[in-house]
Each structure stands twice: as C-alpha cells, then as structure tokens.
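Summary of structural features
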There are 2 protein chains.
Amino acid sequence: MKQLEKLIDRVVARVNVNLRNFSFDAEPFAKDVVPFKQMLRFNAFYGVTSHHPLHVNFKNSSLAGSYFLGKCFTDNAVLYKTDVRGDELKRKGDTMHFQGMEVPVEKDEEIHIKDSYLIKTLIHNYSHDPEAPEEFLIRNTLASFYSNIHGALVEGCYIAPFATVDLTSLHGCKVGTFAFVQSASDLYHEEIPDGTIWMNGETFEFKYTYDPEVLARYIKNVPGGKPEGVLWDFMEDRKDDYSDIYSSAVSTTPVTVSSKSALNRYAYVAGDTHIHENVLVSQRAYLDNAWMGPGTNAQEHSYVINSMLEKNDITAHGAKIINANLGERVFVGFNSFINGKPGMPVSIGAGSMVMPHTIIDVEEPLTIPERHAVWGYVRNEEDLKNHSISLDDLSKVTGEVTLGNLTFSGSGYDLVHGFEHRIDHILEANGAYFGDVSKVRGHAQAGHMISYNTLQPYLTGKNKGIFPTIDIQP
Amino acid sequence: MKQLEKLIDRVVARVNVNLRNFSFDAEPFAKDVVPFKQMLRFNAFYGVTSHHPLHVNFKNSSLAGSYFLGKCFTDNAVLYKTDVRGDELKRKGDTMHFQGMEVPVEKDEEIHIKDSYLIKTLIHNYSHDPEAPEEFLIRNTLASFYSNIHGALVEGCYIAPFATVDLTSLHGCKVGTFAFVQSASDLYHEEIPDGTIWMNGETFEFKYTYDPEVLARYIKNVPGGKPEGVLWDFMEDRKDDYSDIYSSAVSTTPVTVSSKSALNRYAYVAGDTHIHENVLVSQRAYLDNAWMGPGTNAQEHSYVINSMLEKNDITAHGAKIINANLGERVFVGFNSFINGKPGMPVSIGAGSMVMPHTIIDVEEPLTIPERHAVWGYVRNEEDLKNHSISLDDLSKVTGEVTLGNLTFSGSGYDLVHGFEHRIDHILEANGAYFGDVSKVRGHAQAGHMISYNTLQPYLTGKNKGIFPTIDIQP
C-alpha cells in the first residue's frame, strides 16, 4: 500500500502548510485513524441514470466506500465511506444567481476532488463559488468522521468530526468539531471554533457557540483516536445495520415504493416504515418505524426512527429524528439531533425550522409551536423559551439582538425569507411537488432507476488500495 | 430498448448473409430467445489483478452477465451470461509457434468482440490465428446456449447449443448442436453437422458423428425456443444454485483455500468438498461433494459432483463429472458428460483422456483403464470396447483406421503426443506444478486476488440495456 501511504502523507503535509497559522498538526487526525484494511473492503459506486450528465474519470485514486453521480473527476483522493452526489450539478446553459448578479454556466459542472483525503464525509450539491460555477472543487482537504461539505470549493482545509460547511468557499480553514459555517463570502485561513454555529449572510449574522462541556458530552475529537460522545455512539451503534445492504449485490429493501418516490438501494429500512408519494430516501439514510408522508425526504446519512413526518418535511443531511412528530413543511437542518424518548415525544408544529446543528435531547415531552425557529441545546420547555423565536417575530428584527446565547444582527426578514425560499427550492428539487399541481420532476422521480457500477481497488502489489484508471462516459 | 433491438437485428442480418449458402435463418435462434428482462438483471464483471495487463473499453455495448479479465474492447456486443477470460492472452515480446514457424507478438494481445451476439457462451484463451496473434477477434457471431469458443478469430458464424470451436479460425461457418471442431487450418463457409466431433490436425484427422437419435436425447436445438434434452435439463436443474453467488457483493464460498489455490468467488461450492494445493476452480464451476486433489482444476462451467480427482486432473470447460473417480493426470475434455450413478461409479485410470464431447452415461459400474483414449457414447463395458483405445496402440497407428463409428487417419503418434504436450501446458498454465519442483506460477496462484468492477446498464431511456462507455486502464 505504498502509493496509498504516500498519498496520505502528501495531503497531511499540504493541509499543515495551509493551517500553519493555527499551529495545527493534522497528522494525528489522519494517519492513525486510516483503517487500511477497510480501504480494501469497501467499493466505490458510480450511479448511472438516463437523467444525469455522465462522465467519471478516476486516475490512480483510492476511493473506498464512495458514491458518485454526475460528472466527477478525481486524482488520488482517499474517500472512505464518503458520499458524493452529483445530481444537482449545474448544466450548460443554466444561470447562477449570486448577490444579484447573473453568472452564465458555460459547460456542465464537474466535480473535481484532487489529492484530497476524506473519511466518512458527505459531500453534496454544487459549487456555490461564483468564480467557478462549472467546477465543484475539493483539494487537499482533510475531513473527519461524518463531516459534511455542502457546496464547494473547499481547499487545503481541516474539517473536524460532525462539522458542516454549507454553501461556503473555504481556503485553508480549520472548522471545529460540530461547527457549522454558512457564509456569503469566501473564508481565507479562518478558524471556526468547536461548536460554533455561524450563518454569515449578506444582510444578517446568526451566531452562537455551544457550551464546551455540553459539546464534549455529545461529540469530542480525540487526536490519534476515534471521536467520543453521544452522537458518535449513536452512529457506531447503528453502523452494523448497513452491512447486509453493502454485502448484497441487489436491493434488499423490504418495502416497495411507487415510481413517484425514490428509495435508494443503499438506504436502511426497518420496522413498520411507510413511504408515501414524492418521497426521497437517499443513500445511507436510516428509517426505522418511520412514517414518511407525501413529499417528505430523508437525505444522506439522516435517521428517522419511531417518528412521523406529515407532509413536505425535510430531513437534511446527517439530521437525526427520533420519537418525534413533524407537522407539515418542517425543516430539520444538517446534523440536528432531535432525540425524543419513549413517552417523551418531540412535536414540531407546521412550518417550523430546526436550525442546523440543533440538539434537542428531551427530559420531558416537548412541543415546538408552529412557524418557529429553534436552535442550540434544548432539553425542556424552559430551554425552548431561550432557544426559539416565532418566524413572525424574527422577521421583524433589525439591528442586533441577543436571544439566550445567540447573537443575531441584521435583517431577520432576510433570514426568514431566505430560508423559506431555500426550503421551497429543496422540496422542488427533491420532487415533493410532482403530480397534479406541478410537472417538476425531482430526485424522488428521477432517482429510482439508478444502475450502479461498483468498482474495487487492486488487492495486491504496490498499488494495493488504489483503483485502476476508470473512465465512464455516455 | 430500441438500441438493443437494433443491435440484435443487425447481427442476425450479418450472420444470415454469411451463412446464405446453408439456407439458414438465424432469426428464430436469436430473436425469440433473447430474455430482454434478463439483460437488465445481469451485470458485467471486469476482473482486476496486479498480474494481468489491464485495459478495457466498452462502447455503447450490452454486456449482461459477462466476465472479463485482461485487455478487452467491444462494440455493441450482447453477451448474456457469457464468460470471457483474458488471463492467457499473449504479451508483447512473446513468440507464437505455428506449424514450425515463429511469429513474434508485437504488442499485448487484446480481445475484440465487435457487434457480436452471444448468450450463455464461454469464450476463452487467446488467438490461435497466426495472421493476427495480437487480436482475439469475434465479430457478428451468433452463439447459442452453452456453446464454447476456445481461441478466436470467429466471425459471422452461427454456433449451436453445446457446440465447441477449439483453436480454430472460423469465417462464416455454421457449427451444429454439440459439434466439436478443432482444425489446424482456417475454415471458410463450412458447416459442421450436428453431433460431429472433428479434430483436423496437421498430420491426422479424428472424426465421428453421433447417432442423431442419441444426440436428440441429450441435446436438441429448437427453433424459436429453448433447447431440450438430458444435457439441457442438467444445466437448468442447477442454474438456480448460482443465484446466491450473484446476488451477493462478497464471496459466499463456504470453504477457504490456501494461497496456492484459486477458488473463484463466482464458483458454486457445496457438500463435503475439499480443495487441495495448486487447484484452480474457475468462475461458474460447480463443485458438490468434490474431492479436488493437488494440481487438479475445474474450469469455467464445469461440474464435479460426488467425485474424486486424485492429482493433476483437468476438467475442461463445460465438462461434467458425476459419481466418478479419476486417477492421476486424467484429462476430461470440453463438454464431456461423465454420468456415473450411485452404486455405478465411473473409474478412470491414470493418464487417460476423455476426448472432448464424450458422453459416458452408465448402466453399470465402468472402469476405463490407464492411459486410454475414450470417445463417443459409452453406456457399458461393451460400448467402451468400441470407443476406446490405449494410447500406446493409438500412437502406433498410421494411415486410416476405423474404430466403431470413428474414422482416424494419419499419425496416431502426433495426436497422442500433441495431446500430452497440451495437457502439460494446461497444467502448467493453471499452476498445478507450482511449489518445490517448479517456480512457475499459474492461474491457481495468480487468480485468488482478483478484484471486480461490476458494471450495470442503463435501466431506462432509449439506451435501456446498453452500457455507458467504460474505459479502464492501469
């Protein structure tokens, strides 16, 4: 596995140079945690449909456990159990809207993942970089367990466990454990501290940081080892449930869905689960006793357990919904952990937004009213008061306000309406509206007839763990 | 599936033009038997090792159920459950020996399967065409169930069920049901009648034809339908046993083998089966209560059931060995059917040769002595007398002799010694000799660390059943 070791050394060296200002050494977070044997056990998957532009070119890469769709190119990337979806890439002739400007897209957008190293990371969506609308780039990036890159470019960065980079271009940044960053402008050599949730819009800023003790209980990064905490244990306790899915060459899902819904063959489905029309269940989504009402979705790495999603609800990447009931059009953001208990369910009213990286871990039954935003750490009604606001009230905010540990400044109206617009876009893109009212087909309609090319690396020789050069075109 | 239908029409038209002299219409043997749904269910497999030159390029092809290794190129080929192995392809710098001439090999040999159509066909080995040593070509060939192409070129031919073309270049030929042809020279627009076994060497000719009534009992081609007969039923009765193997993404074989032996993950293994050192068990081989002694092999599509192979025995492609005991260095040729019964075993002495396409279907226990050749239809000791000869006696034959329904002319010595030389080559190539005595590694040693790229066709759209363009290089 000489080639593979050299590759990891190179990525660590490049990331360390980029992060020199933070006195950060990426090595203990990369070298000792690479499960070399796992790199041989896991395949790469390339999805083929008649709906997506198709071109993949992997050259001397290691790609264990990766999942690709759309146009993808890579050099030497190590992508262990990484999901990369390409079904929202821009097409030639599209127009990208950015801060009031219109940027024409000159050719089909392509995913480039150069000498990156990512483990159990989710990468998704498309480039929100107006300077490179045709290129979804990630380069020399060291991302850790269950980190979440939603929109590129990302280059020369370290992204800690359970962190999310959303629609932001990062250059040489360090994103802390469970941190969330969404920024309207590029970030250069910036550090986002552990547990910081930061939405830095054009006309508003939404920011708070978790209490370090609380954060450590849920997720704690350990140099030279695996992370620890409730969130880590939650994932570890369920990871073996996927083994049957990956050891089978054919779909093992016990439920069938209509042609208006898509249940990915790499999703886990158990218990008394119902999947209605216009539902999208993505790869590595986990459904157990899940009632997925019309137009709902469970995105990559999300969990819906003993819960009911009424209609047009969104479960964003990595979100976990347990013992909860969601009214219509509820948004549950990236990596949020809604942990109701038996006899202590969480009810979320219609139109409410659980902001990304929210932790709701109840000690009593909890009801979030309709059209409210909720964030931070919530155990009971008392916490909820300090960590929620009605969308109508938030819309009226201008200037700076403090709500519990949250500092908000700027236009509340812009945040609320921006979010509502985005929710609408997500629902449409995922196919929630398809039918009598709308003719717009989304992932739920397009994604149910994916064929897979399953690729394996060399098992012996100096290229052990590296894939041959693979090029797939229409 | 428009593209796929057009492709089949084109192949039928081309084959019919080639076979116009035989007033033969390939259509009923091609069009009505194509299981379109099956074309979507089965994948293509491309094997990657660090031992074989690697380059595959499939362009707008349909490839269902195919298995490739080595350098392969294809255009539009429909290859349903077809095995194509490329691990014996010649390498740049090799020398091909042909009728006393030495032909230098200028570049790595490549398999080209152009607009062919093959179903459940086995294609193997390398080009024995001295005019094209670097190209293993098959083009516009319509091959039927379980036919066996061992060495190309083959172009514009129809090859009927259970027929074998061995080391022969065919141009516009029709090869009948269960016919076997091995010819030292090219064959142009020739018909090999049903059940004709014909070895046409440089210095000898070995030829007989099965009684049509006997043949029809074992295998009968049916226009517009599936074949019938004992051999067909034998295959059909066992085909479901492979389903677990193909529906699993990982090896399901219940036995482990040493690193000196190769058990292909697409082989079926059941019962009390033992696999010793230097054994090769190839894809779709079927072992049930099989004692595979050192240096033995079970090649593609072969069956070894309730049988013992002592040492260095060869089970050639498609051969079936049931309730039999083989001494050392027994050769069982292509598609031979050795059907011992419980209490009526077949014993075969050391050094004996069961010629290709022999049917031994006993009514009593049967013993074939050491160093004998056996052919034709054998049910009992009486039949055996008329269908066997000691290799020593055969070696002494010159001129023309008749032995039962067999006509032999030419040099018996050349046949016997040619065969013994070939057996030695097969054993060496398969790795039977690897160890203390010989350092020659064969398939048994090289073939146990194959990784697979598993490829699927488009499942929707006009290209339904067609694969995207795939190019794999080192």
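Residues numbered from 1 in each chain as written. Chains lettered and ligands numbered in written order. Predicted model: local features only at pLDDT ≥ 70, side-chain atom pairs only at ≥ 80, totals over all residues. Heavy atoms only, no water.

Residues and elements named next belong to chain A. In terms of domains, chain A is made up of domain 1 (2-89 + 106-197 + 451-472) and domain 2 (260-447). Opposite the 26 residues of domain 1 that make contact, domain 2 presents 21 residues. Summed over both partners, the interface of domain 1 with domain 2 buries about 2100 Å², with 54% contributed by carbon and sulfur atoms. Joining domain 1 to domain 2, the criterion identifies three salt bridges. Across the pair glutamate 300 and arginine 85 runs a salt bridge, and its minimum N-O distance is 2.4 Å. Our enumeration of links across domain 1 and domain 2 arrives at 14 residue pairs in polar contact (both at pLDDT 80 or more). At the level of elements, strand 11 (122-124), strand 14 (148-150), strand 17 (164-166) and strand 20 (180-183) are the ones that each hand at least two residues to the side of domain 1 that touches domain 2. Residues that form the side of domain 1 that touches domain 2 fall into these classes: 12 nonpolar, seven polar and seven charged. (Domains from an automatic or database assignment. Contact = heavy atoms within 4.5 Å. Buried area = accessible area lost by both parts, 1.4 Å probe. Salt bridge = Lys/Arg side-chain N within 4 Å of Asp/Glu carboxyl O. Polar contact = N/O pair within 3.5 Å; in protein donor to acceptor, adjacent residues only side chain to side chain. Helix = DSSP H or I, 4+ residues; strand = E, 2+ residues; numbered from the N terminus. Nonpolar A, V, L, I, M, F, W, Y, C, P; charged D, E, K, R; others polar.)

Contacts between the two partners involve 30 residues from chain B, matched on the other side by 30 residues from chain A. Both sides together, the interface formed by chain B and chain A hides about 2500 Å², and carbon and sulfur atoms give 54% of it. Counting across the interface, chain B meets chain A through zero salt bridges. Put simply, chain B and chain A have 18 residue pairs in polar contact (both at pLDDT 80 or more) between them. Broken down by secondary-structure element, the contributors of at least two residues to the side of chain B that touches chain A are helix 6 (243-247), strand 46 (451-455) and strand 47 (469-473) of chain B. Pairing of strand 47 (residues 469-473) of chain A with strand 47 of chain B involves five bridges; the strand directions are antiparallel. Its bridge partner lying in strand 47 of chain B, A:Thr469 is registered against B:Gln473. (Pairing = 2+ DSSP bridges.)

A separate point is the pairing of strand 2 (residues 55-59) of chain A. Residue and element names in this part refer to chain A. Among the five residues in strand 2, four count as buried, and that is most of the element. Here five bridges tie strand 2 to strand 4 (residues 71-75), and the two strands are oriented parallel to one another. In the sheet register, phenylalanine 58 faces strand 4, and the bridge partner there is threonine 74. Inspection of the sheet shows strand 2 paired to strand 47 by three bridges, in the antiparallel sense. Bridging from a neighbouring strand, asparagine 57 pairs with aspartate 471 of strand 47. (Buried < 20%, exposed > 50% of the residue type's maximum accessible area, 1.4 Å probe, protein only.)

Attention now goes to the nonpolar core. Judged by nonpolar contacts, the single largest core of 84 residues is most densely connected at A:Phe68, A:Ile113, A:Ile159, B:Phe68, B:Ile113 and B:Ile159. When residues no more than four places from it in sequence are discounted, the contact partners of A:Phe68 are A:Phe45, A:Tyr46, A:Gly47, A:Phe58, A:Leu63, A:Leu79, A:Val84 and A:Ile113. (Core = buried A, V, L, I, M, F, W, Y, C linked by side-chain atoms within 4.5 Å.)

A word on helix 5 (residues 230-239) of chain A. Residues and elements named next belong to chain A. Of the residues making up helix 5, those classed as buried are Leu231, Trp232, Phe234 and Met235. In a view along the axis of helix 5, the buried residues occupy a sector of 160°, so they form one face of it. In the core, the buried residues of helix 5 are packed alongside helix 4 (212-218), strand 31 (303-309), strand 33 (320-322) and strand 36 (337-339). (Arc of directions from axis to C-beta.)

Scanning all chains against the criterion turns up 58 aromatic pairs over all chains. Plain terms: the ring middles of B:Phe42 and B:Tyr80 are 5.7 Å apart, the flat faces sit at 70° to each other, and that makes the pair edge-to-face. Here B:Phe42, found in the loop between helix 3 (36-41) and strand 1 (44-48), pairs with B:Tyr80, found in strand 5 (residues 78-80); they are 38 residues apart in sequence, far enough to count as distant. In terms of burial, B:Phe42 and B:Tyr80 fall into one category: buried. Three or more aromatic residues joined by ring pairs make a cluster, and in this case those are A:Tyr218, A:Phe234, A:Tyr242, A:Tyr268, A:Tyr286, A:Tyr303, A:Phe337 and A:Tyr377. Cation over ring: A:Lys207 sits above A:Trp198, and NZ or CZ is 4.6 Å from the ring centre. (Phe/Tyr/Trp six-rings, centres within 6.5 Å; stacked < 30°, edge-to-face > 60°. Lys NZ or Arg CZ within 6 Å of the ring centre and 35° of its normal.)

What follows deals with the pattern of salt bridges. Throughout the structure, instances matching the rule amount to 34 salt bridges over all chains. Between A:Asp115 and A:Arg10 there is a salt bridge, and its shortest N-O distance comes to 3.6 Å. Of this pair, A:Asp115 sits in the loop between strand 9 (110-113) and strand 10 (117-119) while A:Arg10 sits in helix 1 (residues 2-18), placing them 105 residues apart in sequence. B:Asp166 is paired through a salt bridge with B:Arg422; the nearest N and O atoms lie 2.9 Å apart. Linking B:Asp166 in strand 17 (residues 164-166) with B:Arg422 in helix 9 (residues 412-430), this pair joins segments that are 256 residues apart in sequence. Neither B:Asp166 nor B:Arg422 differs from the other in exposure class; each is buried. By sharing partners, the salt bridges in this structure join A:Arg85, A:Glu88 and A:Glu300 into a single network.

Right, let's talk about the sheet that holds strand 32 (residues 314-315) of chain B for a bit. Residues and elements named next belong to chain B. Taken in spatial order, the eight strands line up as 25-28-30-32-35-38-41-43 in an open sheet, and their pairing is mixed. Across the chains shown, the open sheet's two edge strands, defined by having one partner strand only, are strand 25 (262-263) and strand 43 (388-390). Sheet topology places strand 38 (residues 353-354) next to strand 41 (residues 372-374); two bridges connect them, and they run parallel. By the bridge assignment for strand 41, valine 354 is matched with valine 374.

Turning next to the state of the cysteines. Residues and elements named next belong to chain B. With the rule as written, the count across this model stands at zero disulfides over all chains. As a non-bridged cysteine, cysteine 173 has cysteine 157 as the owner of its nearest cysteine sulfur, 5.0 Å distant. We classify cysteine 173 as buried; its relative accessible area is 1%. (Disulfide = S-S within 2.5 Å.)

Least-squares fitting of chain B to chain A yields an RMSD of 0.0 Å, with the superposition described by an axial translation of 0.0 Å and a rotation of 180°. Such a turn and shift between the copies fits a two-fold axis. Taken together, the interface assignments show that 100% of the residues at the interface of chain B recur at the interface of chain A, consistent with an identical surface on both copies. (Least-squares fit on C-alpha atoms with pLDDT ≥ 70 in both.)

Before going further, it helps to examine the sheet that holds strand 22 (residues 191-192) of chain A. Residues and elements named next belong to chain A. Strand order in the open sheet formed by six strands is 5-10-13-16-19-22, with parallel pairing between adjacent strands. Edge positions in the sheet fall to strand 5 (78-80) and strand 22, since each of these pairs with one other strand and no more. In the sheet, strand 16 (residues 158-159) pairs with strand 19 (residues 174-175) via two bridges, with the strands oriented parallel. The residue bridging isoleucine 159 from the neighbouring strand is valine 175, located in strand 19.

Residue and element names in this part refer to chain B. By the element assignment, serine 66 lies in the loop between strand 2 (55-59) and strand 3 (67-69). Judged by relative accessible area, which is 0%, serine 66 ranks as buried. Only 2.6 Å separates the side chain of serine 66 from the backbone oxygen of leucine 63, close enough to count as a polar contact.

Time to look at the environment of B:His51. Residue and element names in this part refer to chain B. With respect to the helices and strands, the residue histidine 51 is situated in the loop between strand 1 and strand 2. Residues histidine 51 and asparagine 76, 25 residues apart in the sequence, show an inter-C-alpha distance of 28 Å. Sequence-distant contacts of histidine 51, that is, excluding residues within four places in its chain, are made with Arg91 and Ala446.

All names here are of chain A. With an omega dihedral of 0°, the bond running from alanine 152 to leucine 153 counts as a cis peptide bond. Turning to its location among the elements, leucine 153 is positioned in the loop between strand 14 and strand 15 (154-155). A positive phi angle is found at glutamine 99, which is not glycine, with a value near 45°. The partly exposed category is assigned to glutamine 99, whose relative accessible area is 41%.

We now examine the environment of B:Asp87. Residue and element names in this part refer to chain B. For aspartate 87, the position within the fold is in the loop between strand 6 (83-84) and strand 7 (95-98). Classification of aspartate 87 as buried rests on a relative accessible area of 14%. As a C-alpha pair, aspartate 87 and glycine 47 span 40 residues in sequence and 9.9 Å in three-dimensional space. Aspartate 87 has contacts with His52, Leu69, His124 and His443, leaving out every residue within four places of it along the chain.

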